[in-house]
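Descriptive analysis of the structure
Listed below are the residues making up each chain.
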Protein chains: 2
Amino acid sequence: MAKEKKLVESITSRDVDFAQWYTDVVREAKLCDYSGVKGCLNYLPNGYAIWENIQADLDQRFKETGVENVYLPVMIPESLLQKEKDHIEGFAPEVAWVTHGGMEPLQERFCIRPTSETLFCDVWSKTVQSYRDLPKVWNQWCSVLRWEKTTRPFLRSREFLWQEGHTIHATYEEAEERTVQMWRVYRDFVQDDLAIPVVSGRKTESEKFAGAQDTYTIEALMHDGKALQSATSHFFGNAFPDAFGIKYADKNNGLHSVYETSWGLSTRIIGAIIMVHGDDSGLVLPPRIAPVQTRVIPIAQHKEGVLDKATALMDALKKAGYRVKIDDSEKSPGWKFSEQEMLGIPTRIEIGPKDIENNQVVVVRRDTREKIVVSMDEIETKLGEILETIQKEMFERAKAHLDAHISEATSMEEMISEFQEKQGFIKAMWCGEEACEDEIKAQTGGASSRCIPEKEDHLSDVCVCCGKPAKHMVYWGKAY
Amino acid sequence: MAKEKKLVESITSRDVDFAQWYTDVVREAKLCDYSGVKGCLNYLPNGYAIWENIQADLDQRFKETGVENVYLPVMIPESLLQKEKDHIEGFAPEVAWVTHGGMEPLQERFCIRPTSETLFCDVWSKTVQSYRDLPKVWNQWCSVLRWEKTTRPFLRSREFLWQEGHTIHATYEEAEERTVQMWRVYRDFVQDDLAIPVVSGRKTESEKFAGAQDTYTIEALMHDGKALQSATSHFFGNAFPDAFGIKYADKNNGLHSVYETSWGLSTRIIGAIIMVHGDDSGLVLPPRIAPVQTRVIPIAQHKEGVLDKATALMDALKKAGYRVKIDDSEKSPGWKFSEQEMLGIPTRIEIGPKDIENNQVVVVRRDTREKIVVSMDEIETKLGEILETIQKEMFERAKAHLDAHISEATSMEEMISEFQEKQGFIKAMWCGEEACEDEIKAQTGGASSRCIPEKEDHLSDVCVCCGKPAKHMVYWGKAY
């Protein structure tokens, strides 16, 4: 039992020091670590396997809407990056520059892609001529590089993994529709598969993506009450593609501009999974994206027949379509339990001599620790039901936490005291001016506008900050 | 019909100009094109979809052998790349250097990874301490960059996609076994899923990977008789990990070196698929990795009921697990046939008013153009049988071509005349000296040693080139 204690004690309590707890969980669950390359992460097997499942599920949702995957170069020539003014202003300060190839200095330097709008537009400028070539609905899974000064595992690092979707359309309406469609795909994916409830809406002018006309976002609330921007979908209008000279001919040979969108979700979302669901024993993974959904742990495995029966159980569950592993190592059951809990595996199945005698097993839920005795004859169907229940209840608990941390403010005093008392989202009216966003950030110690929701409440007629007529209701929060 | 002719005529005949045929097929099937970044490709939807299927199948084979996926940084510090002398000598001339990050010059420059042995060893040098930490069997799917001077679609480009597996083991034997195991995984995958027969064996000293002790290769024969190295598996012994100071403690706390392997397959293999199976009508894809396995083409689709029936057929086939699309565009059937053939879709299903009347459809094989009338009631099972037959016969045809292009030589005269008469592989004895490899290359106009097979024939006692005692039988060939 000494060892078991040690494993759990190796992580700080979540309520004592949330930041340290996060770092401890990432380390002990072996999700990622810092590489020898400053600011860059190694995505280790346990962390990368989560990303693989996210990829598989999200990619299928994309493809159902007609998305095609591609891969464009990792390097962007400086002249290409400079074609759209707002874009280069946003990204130039944080890119890495390639200046030498082989033994030679380059005539023009290349940056490592921080995002690929410019490359997609470059391809289309050479290949799109007619209305028959539209729309283009492309996506790539890749890594991007942004020269960040401070880094945290998954949340901020110089290189991170993501998908970036890019589309062009014949009409404004179709492009806008696609922007909103992908925003909804993200929301459904994050809520249904990751069990993370979100608030969602448009970004204010100051929080928009460099060069975008509109940015739609989904925002999740971490256990410590801070917000995490979890995915964004951008509508560019035609300014961006116009800068690249993309035009199409309609049926009567009239030339027109195209309308562009882009949308992305990154490995940051793994940070959200940890910070929404994790507890003092480690990670808690939603069953739908857990790399392992159940771990079979034999009890008194030296006794005759136990290991055979446990292995047969694993094989049967694997055959039934579950992601299942067995822990038949020489460690004590207690140590094995702690390890399974640290890794966030949604269930473990305990099977010992008495269970075998009674033709049963004990399923233990990771999220609630509830023990469920299941007949051996029913385990193949019951396990699926238990996993579905876990998925559903994980969402419900996170939703209750989110709802309990949304409040309203109609004065700055209220806003400041709300942010002092508890973290979370605060709904408040806003005049539309960036000066008030800056003022609110300063007075609350860092709360920024997170989004303008689709359905705005009318809390008051005036801006919470300056008292001038209000234009929108905004969700405010301190963000990662 | 004019249009139909145009599509086929847009590609050069394979026997007239093979290189031009290849370029034409890549362009007309829209697999990839040159990007605005010199020497780098855009992997377009049709080409990338093939890579996605290759990834899915090969990744499953990897995981069945216990491989875990990870992702390590895209950049390697120069000091890290320099840790193993042979390795840096092999790669330094062809890497791209990052010298600036954000607005600042870097203290140490980074190269964009040309391969990641150094990064994997760096991780392990910090995390592997005990025999309990071994083996590590890791892989990553990523892109790598090598500053090539001349480029060809898929076959040679500055950036390409690949997987690179890296492993370390407690014993020499276990590492050697893993090297051979992955070599066999590649062979089985390429033969079974891509329908490409190979010759396989070890590389000679001069053709080995930079820093490796042994390199195992699989070599495919293109339709023009040239060889293409299709995947390699390297055994490093302990020199490489020793350079990084990786040591493990055994049960008695004795310190030992570890033994390393690496193995990779890249998007080059798409070039092999094109050049082994393609014909004068375009691409021919093996059913197992074809992004679309059948395209339903309605005949006289304006007639009542045809489109409904064709769509219902597509839905039924999709439900039955096939990758299926319908072409219900306004183009003529002839044009649609040409397009399906150009894209290499393994079958098309023609369905018109007469077919509907007779409760049948016509399945047309892409590879042989054979037309098979199938009852509508049986199509769901019959299509699977037809696809399996195509897969099998594509391999058999490629195998017959390979076998017909393997000959033997016991003198330089024979070797030279064989390479003049026909391309292909020539088996000949070799003394083990690099000088003879150089001489053979010079005299045959470019034939290099491709591999020393597992089972060597004894063709003569002496080297085909210098007449000194022979050490090995070698497969020689002109390679891409």
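Parameters and conventions
- Just so you know, the residues in each chain are numbered from 1, in the order the chain's sequence is written.
- Each chain takes a letter, starting from A, and each ligand takes a number, starting from 1, following the order in which they are written.
- Only residues with pLDDT of at least 70 are given local features in this predicted model, and only at 80 or more are side-chain atom pairs given and counted; all residues enter the totals for whole chains, interfaces and linings.
- Computation of side-chain values: all heavy atoms of the structure, hydrogens and water removed.
- UniProt positions are given in the numbering used here, feature names are shortened, and annotations may be inferred rather than shown by experiment.
- Note on geometry: axes are lines fitted to C-alpha atoms, helical ones only across the stretch in contact, with angles between N-to-C directions running from 0 to 180 degrees.
- In this description a helix means any DSSP run of H or I spanning at least four residues, a strand means any run of E spanning at least two, and both kinds are numbered starting from the N terminus.
- Working definition: roughly parallel below 35 degrees, roughly antiparallel above 145 degrees, roughly perpendicular at 65 to 115 degrees, and oblique for all remaining angles.
- Here is the rule for handedness: rotate from the far helix to the near one, and if that takes an anticlockwise turn smaller than a right angle the crossing is left-handed, while a clockwise turn gives right-handed.
- Any pair of residues with heavy atoms lying within 4.5 Å of one another is described as a contacting pair.
- Each residue is assigned to one of three groups, with Ala, Val, Leu, Ile, Met, Phe, Trp, Tyr, Cys and Pro labelled nonpolar, Asp, Glu, Lys and Arg labelled charged, and all others, Gly among them, labelled polar.
- A 1.4 Å probe rolled over the protein chains alone gives each residue an accessible area, and that area as a share of the maximum for its type sets the label: buried under 20%, exposed over 50%, partly exposed in between.
- A strand pair is defined by DSSP finding two or more bridges across the two strands.
- Each reported salt bridge corresponds to a side-chain nitrogen of Lys or Arg within 4 Å of a carboxyl oxygen of Asp or Glu.
- Side-chain atoms alone can form a polar contact between residues adjacent in sequence; in general such a contact is a pair of N or O atoms within 3.5 Å, and within protein one must be able to donate a hydrogen while the other accepts it.

If you check an unreviewed UniProt entry, chain A appears there as Proline--tRNA ligase from Mediterraneibacter butyricigenes. Within the UniProt record for chain A, the comment given under Sequence similarities (unreviewed entry) is "Belongs to the class-II aminoacyl-tRNA synthetase family. ProS type 3 subfamily."

This brings us to the packing of helix H14 (residues 412-421) of chain A against helix H15 (residues 434-444) of chain A. Residue and element names in this part refer to chain A. Where H14 contacts H15, the two axes come as close as 9 Å, and the packing angle between them is 45°. The orientation of H14 with respect to H15, classified from their angle, is oblique. Helix-helix and strand crossings are classified by hand; for H14 and H15 the assignment is right-handed. For the pair H14 and H15, contact is made by Met412, Met415, Ile416 and Phe419 and by Ile440, Gln443 and Thr444, respectively. Across the contact of H14 with H15, the residue classes break down as 5 nonpolar, 2 polar and no charged.

With that out of the way, let us pick up the pairing of strand E17 (residues 347-351) of chain A. All names here are of chain A. Extensive coverage of E17 is indicated by the burial of 5 of its 5 residues. Taking every second residue as pointing to the same face, both faces of E17 are buried, with Thr347, Ile349 and Ile351 on one and Arg348 and Glu350 on the other. Where strand E15 (residues 294-298) meets E17, 5 bridges bridge the pair, whose relative direction is parallel. For Arg295, the partnering residue across the bridge sits in E17 and is Arg348. In this sheet, strand E18 (residues 360-365) lies alongside E17 in antiparallel orientation, the contact comprising 4 bridges. Bridge pairing in E18 places Thr347 opposite Arg365.

A complete count under the given rule lists 62 salt bridges over all chains for this structure. Linking Glu28 of chain A and Arg27 of chain A is a salt bridge whose minimum nitrogen-to-oxygen distance equals 3.1 Å. Note on Glu28 of chain A: relative accessible area 24%, which makes it partly exposed. Judged by its relative accessible area of 42%, Arg27 of chain A falls in the partly exposed class. Lys63 of chain B is the partner of Glu52 of chain A in a salt bridge, and the nearest nitrogen-oxygen pair spans 3.0 Å. With one member in each of two chains, Glu52 of chain A in helix H3 (residues 45-64) and Lys63 of chain B in helix H3 (residues 45-64) form a pair that bridges those chains. Judged by its relative accessible area of 18%, Glu52 of chain A is buried. Overall, the relative accessible area of 37% leaves Lys63 of chain B in the partly exposed class. Via salt bridges that share partners, Arg365, Asp367, Glu370, Glu393 and Arg397 of chain A belong to a single interconnected network.

In this section: the side chain of Ser35 of chain A. Examined against the element boundaries, Ser35 of chain A turns out to sit in the loop between strand E1 (32-34) and strand E2 (41-43). Accessibility expressed as a relative area gives 13% for Ser35 of chain A, which makes it buried. A polar contact is formed between the side chain of Ser35 of chain A and the backbone nitrogen of Val37 of chain A, at a distance of 3.0 Å. In terms of polar contacts, Ser35 of chain A uses its side chain to reach the backbone carbonyl oxygen of Cys40 of chain A, at 2.9 Å. Residues contacting Ser35 of chain A, with those up to four places away along its chain left out, are Cys40, Leu41 and Asn42 of chain A together with Pro73 of chain B.

All names here are of chain B. Ordered in space as E16-E15-E17-E18-E19, the 5 strands form an open sheet in which the pairing is mixed. Two strands lie at the open edges of the sheet, namely strand E16 (324-326) and strand E19 (371-375), each paired on one side alone. Sheet twist, expressed as the mean angle between neighbouring strand axes with direction ignored, is 25°. Contacting strand E15 (294-298) and strand E17 (347-351), helix H11 (residues 333-342) runs over the sheet at an angle of about 175° to E15.

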